[in-house]
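Summary of structural features
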Amino acid sequence: MSLELDFDESERAIASAVARFCRDEGAEALARAGDAPFPRALWRGLGELGVFALAEPGSEGGAGGLAAAFEALGAAACPGPLVAQVFAVRALPERERAPLALGEAVAAVGAPPLVPFAPVADVFVELDGDGAWLARPRAPVAPLAGLGGEPLGRVALERVAPLAPVFEARALSDLARAAWSAGAGRRLLDVAVEHARARRQFGRAIGEFQAVAHPLADVHIRLSAAEGLVRAAAWALDAGAREAHERTAAARLAAERAGRRALHTAHQTLGALGATLEGPLFHLSRRLRQLAALPPDAAHAEAAVLAPLGLGG
């Protein structure tokens, strides 16, 4: 059986609408302004556009639409707890998820004492192993600066209600994380390739030297493979395939690895320009690096990939 891995017409329309929205609303400028207040207007706009509603059970766009949207969000360096919002929208009961789907509320997902985006969150989901609970802070959140330019909070949580099994929420948030990583990695590669074409040394574009060209080609291959895994995973989720969770796990691991390779290679290609706050890479690469560390962690994805091979605990 063959599988078409290109986005279909409706998915391409979703990606185009998200990219246009991010461009019009200055998402990248907000990502560069690391000390700016949380962009509530941008968040509500994403909700009005229907991005978060794609994570709801039975959404019209499905997992394919979510993957298309998140590739565009990654390419646009869109800030905020996007993956956490997907997890919460899918995991919470309808009454609690409605404000999240509309972008009227912000979700924080994690395990105390340090919870990403806790200082700006309206809804908290506590993770503990395979379990998850709707929770609330016991005391005011103490804000901390995160390495990705986005907030962390030190907080003690009180569990309010257990959530139903969250396997689907994990799978869908893995898909969103993978798609964002692939989109961000592709954007970094595009910037590096353009620089390699324009920058000249010894009378030649630096992209003509194998030491520059070959690593860029390697990143292209890795990102193409990751994009294929993302789209295959989206198809599996929409089709209700038995191996869907295994595919979303593989997509997450591959896309995160390809994204990190893209940021390392892009920084090497641009040299010192790639490491400056004002440069074309840093605001995106630091978020890409931080994303891999945000909960839910990769342990369940690694286990899902290893289990069919008879490996793992």
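As a reminder, the structure under discussion sits directly above these lines.
Residue indices follow the written sequence of each chain, beginning from 1 at its first position. Local features in a predicted model are, by the rule used here, given only for residues with pLDDT of at least 70; side-chain atom pairs are given and counted only at 80 or more, and totals for whole chains, interfaces and linings are based on all residues. Each side-chain value is worked out from all heavy atoms of the structure, with water and hydrogens disregarded.

Description of the overall build of the protein chain
Each helix is a run of DSSP H or I of at least 4 residues and each strand a run of E of at least 2, with the numbering of both proceeding from the N terminus. A count of helices and strands for the protein chain gives eleven helices and nine strands. Against the 2.2 N^0.38 benchmark of 20 Å for 313 residues, the protein chain shows a C-alpha radius of gyration of 19 Å, consistent with a compact globule. Only protein chains enter the accessibility calculation, which uses a 1.4 Å probe; a residue is then buried when its area is under 20% of its type maximum, exposed when over 50%, and partly exposed in between. Residues counted as buried form 50% of the 313 residues belonging to the protein chain. We call two residues in contact when some of their heavy atoms are within 4.5 Å. Of the contacts made within the protein chain by residues no fewer than 6 positions apart, 71% connect residues no fewer than 24 positions apart. Under the convention used here, a 1.4 Å probe and the Shrake-Rupley method define accessible areas, while residue burial counts only the protein chains that appear. When the accessible surface of the protein chain is summed, it comes to about 14,600 Å², and 55% of that surface belongs to carbon and sulfur atoms. Only four residue types enter the tally: Lys and Arg on the positive side, Asp and Glu on the negative side; His and the chain ends are excluded. A charge is said to be at NZ when it belongs to Lys, at CZ for Arg, at CG for Asp and at CD for Glu. Distance between charge centres in the protein chain, computed from 32 positive and 36 negative side chains, equals 6 Å. The globule rule used here is 2.2 Å times the number of residues to the 0.38 power, and the radius of gyration it is set against is calculated over C-alpha atoms.

What to know about a nonpolar patch on the surface
For patch detection, residues must exceed 30% relative accessible area and be free of salt bridges, and they are connected within 9 Å for like charges or within 5 Å for nonpolar side chains (Val, Leu, Ile, Met, Phe, Trp, Tyr). Salt bridges are identified by distance alone: a Lys or Arg side-chain nitrogen within 4 Å of an Asp or Glu carboxyl oxygen. On the surface, Leu306, Leu309 and Leu311 cluster together into a nonpolar patch covering about 290 Å² of accessible area. Mapping Leu309 onto the fold places it in the segment after α11 (299-306).

Topic: the packing of helix α8 (residues 210-239) against helix α9 (residues 244-270)
Interaxial angle, 0 to 180 degrees, is taken between N-to-C directions of lines fitted to C-alpha atoms, where a helix line uses only the stretch in contact. The N-to-C vectors of α8 and α9 enclose an angle of 155 degrees; their axes lie 8 Å apart at closest approach. With respect to α9, the axis of α8 lies roughly antiparallel. The hand of the α8/α9 crossing is left-handed. When residues are grouped by polarity, Ala, Val, Leu, Ile, Met, Phe, Trp, Tyr, Cys and Pro land in nonpolar, Asp, Glu, Lys and Arg in charged, and all others, Gly among them, in polar. Considered class by class, the residues forming the contact of α8 with α9 number 20 nonpolar, five polar and five charged. When an angle is under 35 degrees it counts as roughly parallel; over 145 it counts as roughly antiparallel; between 65 and 115 it counts as roughly perpendicular; any other value is oblique. Note: crossing handedness is left-handed where the near helix turns anticlockwise from the far helix by less than a right angle, and right-handed where it turns clockwise.

Quick word on the sheet that holds strand β4 (residues 131-137)
One open sheet holds the four strands; their spatial order is β1-β3-β4-β7, and the pairing between them is mixed. Among the strands making up the open sheet, the edge pair consists of β1 (107-110) and β7 (157-162). Shown here is a sheet whose adjacent strand axes are inclined to one another by a mean of 35 degrees, direction ignored. If DSSP finds at least two bridges between two strands, the strands pair. Taken together, the five bridges between strand β3 (residues 123-128) and β4 define a ladder with antiparallel strand orientation. Along β4, the bridge assignment pairs Asp128 with Gly131. Helix α5 (residues 82-91) rests against β1 and β3 of the sheet, and its axis sits at about 90 degrees to β1.

Remarks on the pairing of strand β6 (residues 151-154)
Direction of pairing for strand β2 (residues 114-116) relative to β6: antiparallel, over a ladder of three bridges. Counterpart to Pro116 in the pairing with β6 is Leu152. Across four bridges, the pairing between strand β5 (residues 142-145) and β6 is antiparallel. Across the sheet, residue Ala145 finds its bridge partner in β6, namely Pro151. The hairpin turn running from β5 into β6, its antiparallel successor, is five residues long, and Gly149 in that turn takes a positive phi close to 85 degrees.

Here we look at the sheet that holds β5
Taken in spatial order, the three strands of this open sheet run β2-β6-β5, and their pairing is antiparallel. The strands lining the two open edges of the sheet, one partner per strand, are β2 and β5. Strand-to-strand, the axes of this sheet are offset by a mean angle of 35 degrees, without reference to chain direction.

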